[in-house]
Amino acid sequence: MSRVVYRFAPFRLHPAARELWKDDVLCTPTRPVFDCIAYLLEHRDRAVGRDELVAAVWGRVDVSDGHLNQTIVRARRMLDDDAQTQRAIRTVSGFGYRWIMPVAVGEIDEVPVASPVAPADADAPAAPPPDAESAHLPLPESSAATPCARRPPRRAGWGLAALAVLVALVAALHRYAAVPPAPAADPVVAVLPVAVAAGPAEDWVRLGVMDLVAGRLREAALPVAPSEAVVAALHRHAGSVPDRAALARLLEAGTLVEGRAQLADGAWTVTLTAQPSAGVAQRAEARAADVVEAARQASDRLLAALGRTPPGELPGEDALRERLAQVQAAVLANALHTARAILQQLDPAAADRPEVRQRLADVDYRAGRLDAADAALSDLLARPDVGADPLLQARALALRAKIQFRRGRFDAAERAFDAAIPALANGPSAQEFGDALATRGAARAALGRYEAASADLGQARLAMRQAADPLGAAQVEANFGVLESLRDRPERALPYLAAAAERFEAFGAAERLLFVLTATYDAQAALLRWPDALATSDRLWDLRERIADPAFSLVVACRRGRVLLALGRYGEAEALFAEAAVGRDAVRPEVLRYLYDFESDLAARRGRWADALAAADRALATWPSGPGNDRYARLLRLRQQARIALGGAELPEEPAYAAAGTTEASPLLTLAAAEWNDRAQRTEHAAALFETAWRRVDAAGTPAQIAAVAGAWVPWLLAHGRPDEAAAVAGRAATWAGEDYDCAVLQVALWQARDAHEAWRDALATAQRLAGERVVPAAWATWPADGTAASAR
């Protein structure tokens, strides 16, 4: 077999291998950029319209012009082209684009390894909410990845993963048919998308029949990999012939089922082949006027060939079964607009059925239309026929719980899951049960109910294994990592998160990987590992174009802003804030608090205290309060610092300070209260609170917490003539002085106070190396001529 290769000096593109080379250098375009270049090359004989290009690259048409424009920018940059030169990709005004560079087409030989299966793009951007167009902001030149690099050796080099994956945002679709949990002793079966020989109107058959066959085999008590996991795994082979052995390993499957559906003479023929990893393949075929019926018959014949008793009839009328199969195919392909349109075209009687209404609510939830989904579920739960069916009611309650979770209403989410989980535990789907447990565990973790969260996640892990769902199992591991991070144990979180990240990347599950990387950054920041955090932020930034939700895009930008500030790269942080603020109108008000948090920190570091105060007020207006919330306490402290810097009236005491010094209070809240008492000249009380905060972080704090308390207390101790205590505290923070500027500056102050000139000089050099655009305080940066330390003077 041969494969096409396009050569256009100095580049060559291999569509099947999904490789772009520049001379002997392998380039690393993102998937949309590669697909854009390949499609324009393949249709270089004509101009390609914008809508056609969007449909070819993303598989749908509801992608913003801004997203397409940025993809073209990156494609041109990858090819050493630009909008002015247009030597490869020409803009056709008012229409689209055309490839104009001369191309030589050749072929290379290939040894076939499997029958062709054209996987869907499991990582196309999710459909944006109808009330907010996705914001895809351009990457700053300074942070863009180098487009081409020498090809690295093949080895496992997965990055660490991370800290805020509280829920599987790509939740498994609730099946319309009841499916019993699989016996663990049987090898897992993975059903692949079927090859379709029919017109374009029947494209849904490819994934729809795949999921129908999978459900049919699952009903016969075979352990079958979820269709979502299969689609994600095949995404790794997009554009090339998949390797059966590699797919089986990734899906942990002992048998692969491949199929073909052909429409001829008004009837459908469905052929299925089950190929075990060792042994003889089994084949079954059926013909019927309806493709769903042909798929059912072929599935039952294959079950018989495998020694299994076929289950009973599929529920529902033939026409409705086919429509629901089309919806499932659209959801698997992430074409949520299409799924919604199919459901809305049903006749009134079918559209009013509970399973159809819940499917539509699930589509709305996936698309971010939370209000619409919640309203539909309220109507559904009020129906007598749903109230009389415990499983239908439990599924609706579980979906409502996920909506509450996504809104940050963790207590309401827990209550809804409490009502749903008993019925799901006795229901037919181990996957549904495991998903509900995993998400309730995440909600409980967010509420600080750590032991209950751990118990939920332990049960969820077992349920996902029983369901033969490797992606679901990876999500549970990620949630275990989140739990450890919330317990201020980021070091213990990293192994869980790293394992989850490896699995997500192996499947090409981009959205889940993005959330895990966001959490990776948070864990690394808590550990003051700023070089690692920057590398993770760079990776997130490179993946940012895959983020369809503008709220998450804003969160990623704010995370990047935090690492830039920690590294003293204030100019880049200013530019990033201006860029992120452009999309503020597209996100929910409660998400804007992350932008205001970033703004207040940036303004304070720049000395713009009025701006810092105003931004902190805006952030605190919607920030979840509570004495144990570190971020809330940090904002209170920043607001207090801004008020002190601005002078004026008496400094007000924050009501939250009433909890300062208690075991429930964050050490950062106790620190802020200590500084308020010091300002109020209540020295003894301030000293007691400083000591309480220090004991907390010294015993069980993260490096970031230790650095924050030490950064305030060491100067206070030096100013109050307690250099030995200051030395002990600063020495504890010295562990991170090689990577963290604030810890390094403490060493400068300490060695100056102790009159150790050589040590002071070395510490100053380290601080200046880490300073970026910051300036080491003048009182500590200059050795006093009279030998008197700044603290004494």
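Located above this text is the structure these notes cover.
Residues numbered from 1 in each chain as written. Predicted model: local features only at pLDDT ≥ 70, side-chain atom pairs only at ≥ 80, totals over all residues. Heavy atoms only, no water.

S.K.: Looking at this structure, I do not really get the overall build of the chain. What am I missing?
M.R.: In terms of regular secondary structure, the chain is built from 33 helices and 14 strands. Burial analysis of the chain (793 residues in total) assigns 56% to the buried set. In the chain, the share of contacts with a sequence separation of at least 24, taken over all contacts with a separation of at least 6, comes to 63%. Surface exposure of the chain reaches about 31,900 Å², of which carbon and sulfur atoms provide 52%. (Helix = DSSP H or I, 4+ residues; strand = E, 2+ residues; numbered from the N terminus. Buried < 20%, exposed > 50% of the residue type's maximum accessible area, 1.4 Å probe, protein only. Contact = heavy atoms within 4.5 Å. Areas by Shrake-Rupley, 256 points an atom, 1.4 Å probe, with all protein chains shown as cover.)

S.K.: Would you mind showing me how to read the pattern of salt bridges here?
M.R.: Oppositely charged side chains can pair when the atoms bearing their charge come close. Using the criterion set out here, one finds 56 salt bridges in the structure. Taken together, the salt bridges that share partners define one network made up of Glu414, Asp418, Arg440, Arg444, Arg449 and Asp456. (Salt bridge = Lys/Arg side-chain N within 4 Å of Asp/Glu carboxyl O.)

S.K.: What's the story with the nonpolar core in this structure? I'm lost.
M.R.: In a soluble, globular protein the nonpolar side chains are often hidden away together inside. Within the largest apolar cluster, 154 residues are counted, with the highest numbers of intra-cluster contacts made by Val191, Leu217, Phe504 and Phe507. Per-element tally for this core: the top contributor is helix H22 (residues 550–566), with 11 residues. Beyond its immediate stretch of four places on either side in the chain, Val191 contacts Met210, Val213, Ala214, Leu217, Val224, Val230 and Val257. (Core = buried A, V, L, I, M, F, W, Y, C linked by side-chain atoms within 4.5 Å.)

S.K.: Explanation requested: the environment of Pro10 in the structure shown.
M.R.: Tracing the backbone through its elements, the reader meets Pro10 in the loop between strand E1 (2–8) and strand E2 (11–14). Residue Pro10 is classed as partly exposed on the basis of its relative accessible area of 30%. Taking the C-alpha atoms as reference points, Pro10 and Leu79, 69 residues apart in sequence, are found 9.2 Å from one another.

S.K.: Sorry if this is basic, but what is going on with the side chain of Glu477 here?
M.R.: Relative to the assigned elements, Glu477 resides in helix H18 (residues 470–486). Not counting chain neighbours up to four residues away, the residues in contact with Glu477 comprise Arg461 and Tyr496.

S.K.: Is there a simple way to explain the packing of helix H20 (residues 510–526) against H22 in this structure?
M.R.: How two helices sit against one another is set out by the angle between their axes and by the gap between those axes. It is at 11 Å that the axes of H20 and H22 come closest, and there the two elements cross at 25°. Considered as vectors, H20 and H22 are oriented roughly parallel to each other. Of the two elements, H20 crosses H22, and the hand of that crossing is left-handed. Contacts from Leu514, Phe515, Thr518, Tyr521, Asp522 and Ala525 of H20 reach H22 at Phe552, Val556, Arg559, Arg562 and Val563. A per-class count over the contact of H20 with H22 returns 7 nonpolar, 1 polar and 3 charged. (Axes fitted to C-alpha atoms, helices over the stretch in contact; angles between N-to-C directions. Parallel < 35°, antiparallel > 145°, perpendicular 65-115°, else oblique. Left-handed = near helix turned anticlockwise from the far one by under 90°. Nonpolar A, V, L, I, M, F, W, Y, C, P; charged D, E, K, R; others polar.)

S.K.: Can you help me understand unusual backbone geometry in this one?
M.R.: Comment: phi is negative for the bulk of residues other than glycine, and the bulk of peptide bonds are trans. In the segment running from Ala9 into Pro10, the intervening peptide bond is cis, with an omega of 5°. Backbone geometry at Ala221 places phi at a positive 75°, although glycine is not the residue there. Relative to the helices and strands, Ala221 resides in the loop between helix H4 (205–219) and helix H5 (227–235). Residue Ala221 is classed as partly exposed on the basis of its relative accessible area, which comes to 24%.

S.K.: Got a minute to help me understand the packing of helix H9 (residues 336–344) against helix H11 (residues 354–366) in this structure?
M.R.: Remark: H9 packs on H11, axes separated minimally by 10 Å, with the N-to-C direction vectors making an angle of 155°. It follows from the interaxial angle that H9 and H11 lie roughly antiparallel. In this structure, the crossing between H9 and H11 has a hand that is left-handed. Contacts between H9 and H11 involve Leu336, Ala339, Arg340 and Leu343 from the former and Val356, Arg359, Leu360, Val363, Asp364 and Arg366 from the latter. Taken together, the residues of the contact of H9 with H11 break down into 6 nonpolar, no polar and 4 charged.

S.K.: Sorry, what's going on with the pairing of strand E14 (residues 282–288) here?
M.R.: As paired elements, strand E13 (residues 267–276) and E14 share 7 bridges and run antiparallel to each other. If you follow Ala274 over to E14, its bridge partner there is Gln282. Between E13 and E14, which follow one another and run antiparallel, lie 5 residues, and Gly279 among them has a positive phi close to 125°. (Pairing = 2+ DSSP bridges.)

S.K.: Looking at this model, I keep getting lost on the sheet that holds strand E7 (residues 96–99). Mind explaining?
M.R.: Picture the strands of a sheet paired through backbone hydrogen bonds; they go either parallel or antiparallel. Reading across the sheet, the 3 strands line up as E5-E7-E6 and stay open at both edges, with antiparallel pairing between neighbours. Only two strands of the sheet have a single neighbouring strand rather than two, namely strand E5 (48–49) and strand E6 (89–92). Here 2 bridges tie E5 to E7, and the two strands are oriented antiparallel to one another. Residue pairing across strands places Val48 opposite Tyr97, the latter belonging to E7. Here helix H1 (residues 31–42) sits on the sheet in contact with E5, E6 and E7, set at roughly 70° to E7.

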